[in-house]
Amino acid sequence: DAKTTQPPSMDCAEGRAANLPCNHSTISGNEYVYWYRQIHSQGPQYIIHGLKNNETNEMASLIITEDRKSSTLILPHATLRDTAVYYCIVRLYFNTNAGKSTFGDGTTLTVKP
Amino acid sequence: DTEVTQTPKHLVMGMTNKKSLKCEQHMGHRAMYWYKQKAKKPPELMFVYSYEKLSINESVPSRFSPECPNSSLLNLHLHALQPEDSALYLCASSHGKGPKNTGELFFGEGSRLTVL
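Structural notes, computed from the coordinates. (Residues numbered from 1 in each chain as written. Chains lettered and ligands numbered in written order. Predicted model: local features only at pLDDT ≥ 70, side-chain atom pairs only at ≥ 80, totals over all residues. Heavy atoms only, no water.)

1. Structural notes on the overall build of chain B
Consideration 1: A count of helical and extended segments in chain B gives zero helices and 11 strands.
Consideration 2: Taken over the C-alpha trace, chain B has a radius of gyration of 14 Å; the compact-globule value for 116 residues is 13 Å, and the two agree within 12%.
Consideration 3: Evaluated residue by residue, chain B yields a buried proportion of 48% over its 116 residues.
Consideration 4: Taking the contacts inside chain B whose residues are at least 6 apart along the sequence as the reference set, 56% of them involve residues at least 24 apart.
Consideration 5: Accessible surface for chain B amounts to roughly 5600 Å². Of this, 51% is attributable to carbon and sulfur atoms.
Consideration 6: When the 14 positive and 11 negative side-chain charges of chain B are each reduced to one mean point, those points stand 4 Å apart. (Helix = DSSP H or I, 4+ residues; strand = E, 2+ residues; numbered from the N terminus. Rg over C-alpha atoms; globule rule 2.2 N^0.38 Å. Buried < 20%, exposed > 50% of the residue type's maximum accessible area, 1.4 Å probe, protein only. Contact = heavy atoms within 4.5 Å. Areas by Shrake-Rupley, 256 points an atom, 1.4 Å probe, with all protein chains shown as cover. Lys, Arg positive; Asp, Glu negative; His and termini not counted. Charge placed at Lys NZ, Arg CZ, Asp CG, Glu CD.)

2. Points about the nonpolar core
Consideration 1: By size, the foremost hydrophobic cluster in this structure holds 23 residues, and its most contacted members are Trp34, Phe64, Leu76 and Leu78 of chain B.
Consideration 2: Looking at this core, the elements that each hand over two or more residues are strand E2 (10-13), strand E3 (18-25), strand E4 (31-37), strand E5 (44-50), strand E7 (64-70), strand E8 (73-79), strand E9 (87-94) and strand E11 (111-115) of chain B.
Consideration 3: Core analysis: the next-biggest nonpolar cluster, separate from the first, contains 21 residues, Ile27, Trp35, Ala60 and Leu62 of chain A among them. (Core = buried A, V, L, I, M, F, W, Y, C linked by side-chain atoms within 4.5 Å.)

3. Focus on the interface of chain B and chain A
Many descriptions give the size of an interface as the accessible area lost when the pieces come together.
Consideration 1: Facing the 27 residues of chain B at the interface are 22 residues of chain A.
Consideration 2: When chain B packs against chain A, close to 1900 Å² is buried across both sides, 53% of that on carbon and sulfur atoms.
Consideration 3: Our count for the chain B to chain A interface comes out at three residue pairs in polar contact (both at pLDDT 80 or more).
Consideration 4: Per-element accounting of the side of chain B that touches chain A gives the leading share, four residues, to E4 of chain B.
Consideration 5: Each residue belonging to the side of chain B that touches chain A can be placed in one class, and the counts come to 12 nonpolar, nine polar and six charged. (Buried area = accessible area lost by both parts, 1.4 Å probe. Polar contact = N/O pair within 3.5 Å; in protein donor to acceptor, adjacent residues only side chain to side chain. Nonpolar A, V, L, I, M, F, W, Y, C, P; charged D, E, K, R; others polar.)

Below you can see the structure in the form of structure tokens.
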């Protein structure tokens, strides 16, 4: 699985959009980008995933660059409850090993009032 | 039911004790995982079971022994642990192969282990 690089920390004002970048320059053609977040002392929570098209769900939007070497997770209207560690992971979708999701160091997002 | 349930939530054990962590899911998932997470670090993969068979062992010491008795249940047996094994142990599950597989992992809340 490809390695990812994320900034260690970011701040965001409550109500504003939070844009979290992830670099995955060694991603291969059949690897997907997944985002999870982990609120303090809880298990990680899935947010969104994508291959090459931009994706949106009720939680967030995922923008993947055309060369797929980087992506951005967008939380459109951040709230205090979005304060968490955000992990970007790349992995094979139909991995016959049932998947090997390797977590990088993540970005600690702090949403401030 | 979209939950992964882990028990116990907290466990304190001595280095000579034998204990077990339990993980259960009823979502029909056929892949289950154990991760270990130290404070302020990302989760580290330990084991993966696919269709009740061990498919990945990330060179975990033998004092950790996983078991998957059926498709809903995953255990982690602990014996002769060291204080540095103190951590949050996370269980996760996902669909196995097939059209339902989105690659999404569903995590439990974890079992916090302290080894004295």
